[in-house]
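Listed below are the residues making up each chain.
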Amino acid sequence: MKSKIVIGNWKMNKSFDEAEDLITEIEEILADLNLSTLVVLAPPFPYLELATDHAPDGNFECAAQNCSQFNNGAYTGEVSASMLADIDVEFCIVGHSERRKYFNETNEILAEKVNRLTEVGLIPIYCCGETVEEREAGVHFDVIEKQIKEGLFHLLPESLERVIVAYEPVWAIGTGLTATPQQAEEVHLFIRSLIEKKYGTEAAYNLNILYGGSCNPSNALELFTQPNIDGGLIGGASLNTKEFIEIVEAAETAGSDK
Ligand code: PEP
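Rules behind the numbers
Per chain, residue numbering runs from 1 following the sequence as it is written. The predicted origin of the model limits local features to residues at a pLDDT of at least 70 and limits the giving and counting of side-chain atom pairs to 80 or more, whereas totals for whole chains, interfaces and linings rest on all residues. The basis for every side-chain value is the complete set of heavy atoms in the structure, and neither hydrogens nor water enter the calculation. Only a single heavy atom is needed: when it lies within 4 Å of a molecule or strand, its residue is near that molecule or strand. The term polar contact refers here to a pair of N or O atoms within 3.5 Å; inside protein, the definition further demands a hydrogen-donor-capable atom paired with an acceptor-capable atom, and it admits residues adjacent in sequence only when both atoms are side-chain atoms. Per-residue and other accessible areas were derived by the Shrake-Rupley procedure at a 1.4 Å probe size, with only the shown protein chains allowed to occlude residues. When residues are grouped by polarity, Ala, Val, Leu, Ile, Met, Phe, Trp, Tyr, Cys and Pro land in nonpolar, Asp, Glu, Lys and Arg in charged, and all others, Gly among them, in polar. Whenever a carboxyl oxygen of Asp or Glu lies within 4 Å of a side-chain nitrogen of Lys or Arg, that contact is scored as a salt bridge. Each residue is assigned to one of three classes by its accessible area relative to the maximum for its type, calculated with a 1.4 Å probe on protein chains only: buried under 20%, partly exposed between the two thresholds, exposed over 50%. Working definition: helices are DSSP H or I runs of at least four residues, strands are E runs of at least two. Numbering for both runs from the N terminus. Between any two strands, at least two bridges found by DSSP are needed for them to pair. Convention used here: a crossover is right-handed provided that the path from the first strand, over the helix, to the second strand proceeds clockwise when the strands point away from the viewer. For this analysis, a ring pair means two rings from Phe, Tyr or Trp (six-membered ring only for Trp) whose centres lie within 6.5 Å, classed as stacked if their planes differ by under 30 degrees, edge-to-face if by over 60, and tilted for the remaining angles. Consider the ring centre and the ring normal. A charge sits over the ring if Lys NZ or Arg CZ is within 6 Å of that centre and within 35 degrees of that normal. Helix axes use the C-alpha atoms of the stretch in contact, all axes being lines fitted to C-alpha atoms, and the angles between their N-to-C directions lie in the range 0 to 180 degrees. When checking whether two residues touch, look at their non-hydrogen atoms; a contact exists if any pair is within 4.5 Å. Every angle not falling under 35 degrees, over 145, or within 65 to 115 is termed oblique; those three ranges are roughly parallel, roughly antiparallel and roughly perpendicular. Less than a right angle of anticlockwise turn of the near helix away from the far helix marks a crossing as left-handed, whereas a clockwise turn marks it as right-handed.

(A) Region of interest: the site of the ligand. In the neighbourhood of the ligand, 14 residues make up the surrounding shell, with K11, H96, E168, G174 and S214 lying closest. Between the ligand and S214 there is a distance of 2.7 Å, counted from an oxygen atom to a backbone nitrogen or oxygen. G235 places a main-chain nitrogen or oxygen 2.9 Å from an oxygen atom of the ligand. About the coverage of the ligand: the protein hides 96% of its 300 Å² of free accessible area. Class assignment for the residues of the shell around the ligand results in four nonpolar, eight polar and two charged.

Right, here's the structure in full:
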């Protein structure tokens, strides 16, 4: 049985004090739950070390929301994968649609970021997903295939096996519109089949594919019980302890039903 994964992407939200409160609240609740679900918190950079300090006792892991495609050097404002590794961050979101849209991140740049992360042992959480126009035009599978192939297919099997994929339809992120469980499952199965063709059945089975896009306590269980949905990447609802924990509990229930 594969345990589910729930990742909270805080984006650019919370003050330091609010971040500390949220981390402490989540930590205290998780300490009592004894879950098999892997919980990962992705706060903004300035709060990452606070989160990694709490992580060992908190039954959660920490993710950054981004990293540089470069190793080190004169890249003002950037944070390297090895700096993240130095403060015990274990995961990093790569290619969130907000970074693709507002910061012009291409699949080629993202492939470099994936390389920097795997080189230092961090786990990339590689995001893909179509816009509403692409879905309406019926080209969403083509878009996702290109994102997966150009962002990941250069990896050797031993690196690919450390990657998490997140399917996040852009039209569902922060909009309150969720992909139906059937829509999400169809794409997850498609992504798994792409991996199977390139890396084989075992790699495809082992790949964790998370759903993201207005996931909340009311829709989480139905999404997470789909055969190819291994958990969720949660934006808005991860900023609220109660909602986030309810989603984590839905993942736990879905995982133990498998
Ligand atoms: C996200 O930004 O990764 C996300 C899924 O956001 P939301 O849950 O708010 O739609």
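(B) Region of the structure containing the pattern of salt bridges. Applying the stated criterion to the full structure yields ten salt bridges. The partner of R135 in a salt bridge is E130, with the nearest N and O atoms 2.7 Å apart. With respect to class, R135 is no different from E130; both count as buried. Several salt bridges share partner residues, and in doing so they unite R99, E105 and K113 into one network.

(C) Structural detail: the pairing of strand β4 (residues 91-94). What you see with β4 is no split at all: F91 and I93 on one side and C92 and V94 on the other are buried throughout. Bridge count between strand β3 (residues 61-64) and β4: two bridges; the pairing is parallel. Opposite A64, over in β4, you have C92 as the bridge partner. After leaving β3, the chain enters helix α3 (residues 81-86) and then returns to the sheet as β4, a path that is right-handed. Where β4 and strand β5 (residues 123-128) come together, four bridges link them in parallel fashion. Residue pairing for β5: C92 is matched across the bridge by P124.

(D) Region of the structure containing the packing of aromatic side chains. This model, assessed by the stated rule, comprises five aromatic pairs. When the centroid spacing of 5.8 Å and the interplanar angle of 85 degrees are considered together, the rings of F153 and Y199 count as edge-to-face. Within this pair, whereas F153 is found in the loop between α7 (140-152) and α8 (157-160), its partner Y199 is found in helix α9 (residues 181-199), the two being separated by 46 residues in sequence. By the burial criterion, F153 is buried, and Y199 matches it. R99 extends its terminal NZ or CZ atom over the ring of F103, reaching a point 4.1 Å from the ring centre. It is K198 that lies over the ring of Y199; its NZ or CZ is 5.8 Å from the centre.

(E) Structural detail: the sheet that holds strand β2 (residues 38-42). Pairing within the closed barrel is parallel, and its eight strands lie in the order β1-β2-β3-β4-β5-β6-β7-β8. Taking each pair of neighbouring strands and ignoring which way they run, the sheet shows an average axis angle of 25 degrees. Note that strand β1 (residues 5-9) and strand β8 (residues 231-234) share four bridges and pair parallel. Within β8, the residue paired with I5 across the bridge is G231. Where helix α5 (residues 107-119) meets the sheet, it contacts β4 and β5, and its direction lies at approximately 160 degrees from that of β5.

(F) Representation of the packing of α7 against α9 within the structure. Interhelical geometry of α7 versus α9 gives an angle of 40 degrees and a closest axis separation of 11 Å. As summarised for this structure, α7 and α9 are arranged oblique, according to the angle between their axes. Taken as a pair, α7 and α9 cross one another with a handedness that is right-handed. On α9, the residues that touch F141, I144, E145, I148 and L152 of α7 are E186, V187, F190, I191, L194, I195 and Y199. Its residues assigned to classes, the contact of α7 with α9 shows ten nonpolar, no polar and two charged.

(G) Broad picture of the side chain of N9. Position of N9 among the secondary structure elements: in strand β1. Classification of N9 by relative accessible area gives buried; the value is 5%. Within polar-contact distance, the side chain of N9 engages the backbone nitrogen of K11 at 3.0 Å. Ignoring any residue separated from it by four or fewer positions in sequence, one finds N9 in contact with A42, Q65, I93, H96, L233, I234, G235 and S238.

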